[in-house]
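Residue-level structure breakdown
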Amino acid sequence: MRIKLQYTIKAILSGVDESVIDKLNFGNSFIIQKDSLTNGKLCKEFDYTFIGIRRIYELSKLNQKLEVALLTKKAEKEYTVKEIIIDNVSTLNYDQIYPYISEIEDEELKYIDETMRNIRLFSENCFNIKEILFKFKIINLKDNSTIFDNIYSKIPLPDKIYDNISKLHIENELEANKLNDFIKNINAKVLSSNFSPELLSQACFLYDQSYTSSLETIRFLVSIIGLESLLINSTTELSYKFSRNGAMLLSTSKEEYYEYLKILKKIYMKRSKYVHAGVTNDLTSNDVKQAREILRKVINTILIKNISKEELIKELDIKGYI
């Protein structure tokens, strides 16, 4: 039997403002539109009461009208499945269909999760998705009749964003184009980088952990670890090489170099005090933000340069300002 699986995906976006409605292109046939926490159909689909959905998504509202940004997608796929005989009646073998549903969910979930993290990699923002709703409908292609409707599943995403981080705001069309191009191309750039796809992928993972790790010290340290993996290729003079290489890579003038050098020395000193002495009383949320911001800039600069780590370290060794 030939069947068609029609499916709808919905997710309420958190950590965004109204600018994403017209400017953010999430890709992969997803669209973003306004909905409302007062929409009874939306409450029913997500299996919440009016009070329940307000409690879960109060911080996701775009305005006082309780509107939210809703990520949606409608798609379909065709399959061939065998029929089975039950009580002398030919019927659909549902055991064959459920793996197809699971496969679709896994593919879409992977894309959503990666894109969510790439949006956070583009700029300092608290873009997040708490859960994804899937709805499936099975259609018999022989006569276009509905075999089964309203197969729902709701998949939670584990990330919680810590610290006081600004919502994703897209200032204008130029910024929108930059972000949308970044979403479209970042994965391919990482995987094809001459630097090291493995190191860059790990650095991107550590960068995202600086948003979501539950302890402030861990949010700070993962950024430093990511920077160390990208900027250092020896076991000696770590503090000096860490600070100098980072400052040289990101600066375009003597004044900028010394400013980055000062920041990098400070955060590396705090890293060392924690690692070697367990001292955390002078760590601030601004330290976490600075370390994360520098890691993001280093990752993106390395992607633009697109040279091997050995070539980059050599270039930084001989670079200087007169």
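The text that follows walks through the structure, step by step, so that each part is easy to find.

Rules of the game
Residues numbered from 1 in each chain as written. Predicted model: local features only at pLDDT ≥ 70, side-chain atom pairs only at ≥ 80, totals over all residues. Heavy atoms only, no water. Helix = DSSP H or I, 4+ residues; strand = E, 2+ residues; numbered from the N terminus. Contact = heavy atoms within 4.5 Å. Areas by Shrake-Rupley, 256 points an atom, 1.4 Å probe, with all protein chains shown as cover. Lys, Arg positive; Asp, Glu negative; His and termini not counted. Charge placed at Lys NZ, Arg CZ, Asp CG, Glu CD. Disulfide = S-S within 2.5 Å. Buried < 20%, exposed > 50% of the residue type's maximum accessible area, 1.4 Å probe, protein only. Polar contact = N/O pair within 3.5 Å; in protein donor to acceptor, adjacent residues only side chain to side chain. Core = buried A, V, L, I, M, F, W, Y, C linked by side-chain atoms within 4.5 Å. Salt bridge = Lys/Arg side-chain N within 4 Å of Asp/Glu carboxyl O.

**Looking at the overall build of the chain**
A tally of helices and strands in the chain yields 11 helices and 8 strands. Overall, the C-alpha framework of the chain stretches about 85 × 45 × 40 Å when taken along its three principal axes. Summarising the internal contacts of the chain: among those between residues at least 6 apart in sequence, 75% fall at separations of at least 24. Summed over its atoms, the accessible surface of the chain is roughly 16700 Å², and 51% of this surface lies on carbon and sulfur atoms. Computed over 46 positive and 45 negative side-chain charges, the separation of the two mean positions in the chain equals 3 Å.

**Details of the state of the cysteines**
A covalent bond bridging the sulfur atoms of two cysteines is what the word disulfide describes. This model, assessed by the stated rule, comprises 0 disulfides. Here cysteine 204 stays unpaired: no disulfide links it, and the sulfur of cysteine 126, its closest cysteine neighbor, is 19 Å away. A relative accessible area of 18% places cysteine 204 in the buried class.

**Some words on the environment of glutamate 256**
Examined against the element boundaries, glutamate 256 turns out to sit in helix H9 (residues 254-277). Contacts of glutamate 256, omitting those with residues within four sequence positions, involve Leu250 and Ser251. One polar contact links glutamate 256 to threonine 252, side chain to side chain, over a distance of 2.8 Å.

**A closer look at the nonpolar core**
Residues Leu24, Phe127, Ile129 and Ile299 are the most contacted members of the largest nonpolar core, which totals 83 residues. Not counting residues within four places of it along the chain, the set of residues in contact with leucine 24 comprises Ile32, Ile119, Phe127, Leu168, Ile170, Leu179, Asn180 and Ile183. Judged by nonpolar contacts, the second largest core, of 11 residues, contains Ile12, Cys43, Leu66 and Leu70.

**Considerations on the side chain of glutamate 45**
Residue position: glutamate 45 is located in helix H2 (residues 40-45). We classify glutamate 45 as buried; its relative accessible area is 13%.

**Some details on the pattern of salt bridges**
Per the stated rule, a full pass over the model turns up 26 salt bridges. A salt bridge links lysine 154 to glutamate 131; its shortest N-O distance comes to 3.9 Å. Taken as a pair, lysine 154 in strand S8 (residues 145-156) and glutamate 131 in strand S7 (residues 131-140) lie far apart in primary sequence, 23 residues in all. The exposure class assigned to lysine 154 is partly exposed, which follows from its relative accessible area of 33%. The network of salt bridges with shared partners includes Asp113, Arg117, Arg120, Asp159 and Asp208.

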